[in-house]
Amino acid sequence: MSDNKNVRVRFAPSPTGMLHIGGARTAIYNWAFARACEGDFILRIEDTDPERSTEENTQIILRAMRWLGLDWDEGPEVGGAVGPYFQTERTESYAAALETLKERGAAYPCFCTKEELDAKRAKAEAQSGGYAGYDGTCRDIDAAEAQARIKAGEMHVWRLRVPKDHPPITFTDAVYGEMSFPADVMDDLILVRSDGTPTYNFAVVCDDANMGITHVIRGDDHLSNTPRQILIYEALGFDVPTFAHLPMILGPDGKKLSKRHGATNVEEYRDRGYLPEAMVNFLALLGWSLDGETTIISEEELCRTFSLERINKKDSVFDEEKLNWMNGVYIRSLDEDAWLVRATPWLAEAHARALEAPLGATICPAPSEDEVAHRLCGEGVDEEEWQGLLAHVSDEADWYRCVYPLIIERLVRFDEIPDKLAYLFWKGNVVLDEKSVNKVLKKEGARADEALAICREVLSDPKIAWECEALQEECRARGDAAEIKPRNLFQPLRVAVCGNMVSPPLFESIELLDREDVLARIDATVKAVF
Ligand code: GLU
């Protein structure tokens, strides 16, 4: 991208909450654009709201950015030449900018009280024209008088003196194209509040200018701020950067994506077993496309090909089905070792849940969606036990690697692992799905008890290799001899060993378990059911 030399972009979250889906997409676009242009990606924390900004939220945002793999060249924890990167630490630069504006006569003190302003607004709203913004009461107060009132300690804010004859404010948005806003409807916006803190519009312009930001890429909820910010750039004599406003992300019902639609916090997606690379791919394509066709794009390719030109003007719809599909694609692209690294906490959680199974065989109705999905890895066990379960995965890595082929083809999210694979850790106990018991073990005329007896005999015979094909063939042969169809032979065994009718492959699972374990499950099932 030779026409984008020395690009400097920034992601500027306010730490008033978590990193949400829309913010993450904005961060990804800035990051990918910086990488594509070989420019700099800056992270700036806009923590000027003292009531809602917290250090904890800052840490959550940084953690979520790292999880997504969005590395920043300048910002918190990495530093940089134009820091600090927290707005609360940049107050001197705002004071200096205000001084410049005062010297130029481009800012003036306003002594109107909140009550006065509220009353004016209420009156104007009751009239036909409506409220047209601040009426300029203090704009023409004589400089000496203003000075005296400030000296006397009168409360005041500082406003921008918007030139009366200013032509329409125009700019070329990299997404929306030519934009024009009449300047005469811009009232004299507040730059500095009565407590001395800068407003968002003032701080953001000072920072973007002082940090040498060349492109401001942000959500289109800020579009109406842009003409105001341009007025501040002009008053300060700074170059106006290129703006790119990103269309909204909508829920499936066409309304702006919000909590009503499900998770909006990025870390919830981590906790639900999405891979960060799938999230980045998915969010990157939520409003941008490489060629209108490509659905799977690696980070490397994204960072090579991202351009502002291909950002969509239309709002995009967050389609969770598509995200699930994409996550499955990314999971299946992992080899055994990479899978094991990612799956470790989920496998440990499967183990933890299995340890909660009551002794012997228990018949239970299947848990509802809510019951399965919302327990975090390690949540139900104490720290020491949890560390032990994690260590078990690394100590027995060879065994765990054998689990990979059992599950990889059908896995959509990692949070399915605890429920799907707990049976591998039952150790002689078994949690029987009630529906499977009724449909398979208690099925009239299916001779499930005989089927289990036949399989038990094979599985207890030390002369038969403990190997899935040998065991399966021998069971099948003896089932044939007893005139029990393979389905009626294997389904009862599946329920007795894995707990339900839809488990991962049966004999491959049996091979991974100990003989005593499998026999104990069959015995417990027979005792509980027949
Ligand atoms: N702190 C602002 C926000 O979180 C950033 C606005 C901007 O990018 O200019 O919405």
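A brief look at the structure comes next.

The rules behind each value
Residue numbers restart at each chain and count upward from 1, following the sequence in its written direction. With pLDDT at 70 or above as the cut-off, local features in this predicted model cover only qualifying residues; side-chain atom pairs require 80 or more to be listed or tallied, and sums for whole chains, interfaces and linings still use all residues. Derived side-chain values reflect all non-hydrogen atoms in the structure, with water molecules and hydrogen atoms excluded from consideration. Where helices and strands are cited, they refer to DSSP runs of H or I of at least four residues and of E of at least two residues respectively, numbered from the N terminus. We compute the radius of gyration over the C-alpha atoms and compare it with the globule rule, which gives 2.2 Å times the number of residues raised to the power 0.38. Burial status follows relative accessibility: with a 1.4 Å probe on protein chains alone, a residue under 20% of its type maximum counts as buried, one over 50% as exposed, and anything between as partly exposed. Residue exposure ignores everything except the shown protein chains as possible cover, and the areas themselves are Shrake-Rupley values with a 1.4 Å probe. In summary, the charge assignment counts Lys and Arg as positive and Asp and Glu as negative, without counting His or the chain termini. Note on charges: their place is set at NZ of Lys, CZ of Arg, CG of Asp or CD of Glu. Each pair of strands is called paired provided DSSP finds at least two bridges between the two strands. Angles shown run from 0 to 180 degrees and are taken between the N-to-C directions of axes, each axis being a line fitted to C-alpha atoms and, for helices, limited to the stretch in contact. Sulfur atoms of two cysteines make up a disulfide when they are within 2.5 Å. Roughly parallel refers to an angle under 35 degrees, roughly antiparallel to one over 145, roughly perpendicular to one between 65 and 115, and oblique to any angle outside these ranges. What makes two residues a contact is simply this: any of their non-hydrogen atoms within 4.5 Å. Classification used: nonpolar for Ala, Val, Leu, Ile, Met, Phe, Trp, Tyr, Cys and Pro, charged for Asp, Glu, Lys and Arg, polar for all others including Gly. For this analysis, a ring pair means two rings from Phe, Tyr or Trp (six-membered ring only for Trp) whose centres lie within 6.5 Å, classed as stacked if their planes differ by under 30 degrees, edge-to-face if by over 60, and tilted for the remaining angles. As a reminder, the over-ring test applies to NZ of lysine and CZ of arginine, requiring each to be within 6 Å of the ring centre and within 35 degrees of the ring normal. We call a residue near a molecule or strand as soon as one heavy atom of that residue lies within 4 Å of the molecule or strand. Any pair of N or O atoms that falls within 3.5 Å is considered a polar contact. Within protein, one atom must be able to donate a hydrogen and the other to accept it, and sequence-neighbouring residues count only if both atoms are side-chain atoms. Any helix carries an expected span of 1.5 Å times its number of residues minus one. In this description, the arc belongs to the directions extending from the helix axis to the C-beta atoms. Residues form patches when they are more than 30% accessible in relative terms and have no salt bridge. Like charges link within 9 Å. Nonpolar side chains (Val, Leu, Ile, Met, Phe, Trp, Tyr) link within 5 Å. One speaks of a salt bridge when a side-chain nitrogen belonging to Lys or Arg is within 4 Å of a carboxyl oxygen belonging to Asp or Glu. To define a nonpolar core, start from buried Ala, Val, Leu, Ile, Met, Phe, Trp, Tyr and Cys residues and group those joined through side-chain atoms within 4.5 Å.

Details of the overall build of the protein chain
Working step 1: Helix and strand counts for the protein chain stand at 23 helices and 13 strands.
Working step 2: Against the compact-globule benchmark of 24 Å for 530 residues, the protein chain has a radius of gyration of 32 Å, which places it well outside the compact range.
Working step 3: Taking all 530 residues of the protein chain together, the buried fraction comes to 49%.
Working step 4: With the model as given, the accessible surface of the protein chain reaches about 25,100 Å², and the carbon-plus-sulfur share is 51%.
Working step 5: Within the protein chain, the 93 negative side-chain charges are centred at a point lying 4 Å from the centre of the 60 positive side-chain charges.

Looking at the sheet that holds strand β3 (residues 107–110)
Working step 1: Read from one edge of the open sheet, three strands run β3-β4-β7, paired in antiparallel fashion. Whereas interior strands pair on both sides, the edge strands pair on one side only; in this sheet they are β3 and β7 (190–192). Put simply, the sheet's adjacent strands are angled 45° from each other on average, direction ignored.
Working step 2: Two elements, β3 and strand β4 (residues 157–160), share four bridges in a ladder whose sense is antiparallel. The partner of Pro109 across the bridge, within β4, is Trp158.

Overview of the state of the cysteines
Working step 1: All chains considered together, the criterion is met by zero disulfides.
Working step 2: Here Cys468 stays unpaired: no disulfide links it, and the sulfur of Cys402, its closest cysteine neighbor, is 11 Å away.
Working step 3: Cys475 carries a free sulfur, and the closest cysteine sulfur to it, the one in Cys455, is 4.0 Å from it.
Working step 4: Taking the relative accessible area as the measure of exposure, Cys475 reaches 0% and is therefore buried.

Considering the packing of helix α19 (residues 448–459) against helix α21 (residues 486–498)
Any two packed helices are characterised by the angle at which their axes cross and by the distance between the axes.
Working step 1: At their nearest, the axes of α19 and α21 sit 8 Å apart, and the two run at 75° to each other. One finds that α19 runs roughly perpendicular with respect to α21. Where α19 abuts α21, its residues Ala448, Ala451, Leu452, Ile454, Cys455 and Leu459 lie against Asn488, Leu489, Pro492, Leu493 and Ala496.
Working step 2: Taken together, the residues of the contact of α19 with α21 sort by class into ten nonpolar, one polar and no charged.

What about the packing of aromatic side chains?
Working step 1: For the structure on display, the rule yields 13 aromatic pairs.
Working step 2: Measuring from centroid to centroid gives 6.5 Å for Tyr423 and Trp426, while their planes differ by 70°, and the two rings are edge-to-face.
Working step 3: Tyr423 sits in the buried class, given a relative accessible area of 2%.
Working step 4: Using a relative accessible area of 8% as the deciding quantity, one classes Trp426 as buried.
Working step 5: Three or more aromatic residues link up through ring pairs in this structure, and these residues are Tyr269, Tyr274, Phe282 and Phe318.
Working step 6: Positioned above the aromatic ring of Trp158, the side-chain terminus of Lys102 is 4.4 Å from the ring centre.
Working step 7: In this structure, Arg149 is placed above the aromatic ring of Phe111, and the distance from its NZ or CZ to the ring centre is 4.3 Å.

A look at the pairing of strand β6 (residues 177–181)
Working step 1: As paired elements, strand β5 (residues 169–173) and β6 share five bridges and run antiparallel to each other. Bridging from a neighbouring strand, Thr172 pairs with Glu178 of β6.
Working step 2: Connecting β5 to the next strand, β6, in antiparallel fashion are three residues.

Digging into the side chain of Glu277
Working step 1: By secondary structure assignment, the location of Glu277 is in helix α9 (residues 276–284).
Working step 2: Given a relative accessible area of 17%, Glu277 falls into the buried group.
Working step 3: If sequence neighbours within four positions are ignored, Glu277 has contacts with Glu299, Tyr330 and Arg342.

Some details on the site of the ligand
Working step 1: In the neighbourhood of the ligand, the contacting residues comprise Arg10, Ala12, Ser14, Glu46, Tyr200, Val204, Arg218 and His222.
Working step 2: Between the ligand and the protein, one listed contact pairs an oxygen atom with a side-chain N or O atom of Tyr200 at 2.7 Å.
Working step 3: The contact in question runs from an oxygen atom of the ligand to an N or O atom on the side chain of Arg218, over 2.8 Å.
Working step 4: In terms of residue class, the shell around the ligand is made up of three nonpolar, two polar and three charged.

Description of helix α14 (residues 383–395)
Working step 1: If you check α14, its first and last C-alpha atoms are 18 Å apart, about what 13 residues at 1.5 Å a residue would give, namely 18 Å.
Working step 2: Those residues of α14 that sit buried are Trp386, Leu389 and Val393. Considered in projection along α14, the buried side chains sweep an arc of 60° and stay on one side of the axis. Seen from the buried face of α14, the exposed residues on the opposite side, beyond 90 degrees, are Glu384, Ser394 and Asp395.
Working step 3: On its buried face, α14 is in contact with α12 (336–355) and α15 (397–401).

Looking at a positive patch on the surface
Working step 1: On the surface, Lys435, Lys439, Lys443, Lys485 and Arg487 cluster together into a patch of positive charge.
Working step 2: Assignment of secondary structure puts Lys443 in the loop between α18 (434–441) and α19.
Working step 3: Residue classification places Lys443 among the partly exposed positions, given a relative accessible area of 43%.

Things to note about the pattern of salt bridges
Working step 1: Overall, the coordinates contain 39 salt bridges when judged by the stated rule.
Working step 2: Here Arg149 makes a salt bridge to Glu154, at a shortest N to O gap of 2.8 Å.
Working step 3: Between Glu450 and Arg447 there is a salt bridge, with the nearest N and O atoms lying 2.9 Å from each other.
Working step 4: The class for Glu450 is partly exposed, based on a relative accessible area of 37%.

Quick look at the nonpolar core
Working step 1: With 123 residues, the main nonpolar core has Met65, Leu302, Phe306, Trp339, Phe414, Ile417 and Leu493 as its most contacted residues.
Working step 2: Residue contributions to this core peak at ten residues, all from helix α1 (residues 21–36).
Working step 3: Leave out the neighbours within four places in its chain, and Leu302 touches Ile28, Trp31, Ala32, Val280, Ala284, Trp288 and Ile297.
Working step 4: Residues Phe181, Ala183, Val204 and Phe243 belong to the second largest nonpolar core, which totals 36 residues.

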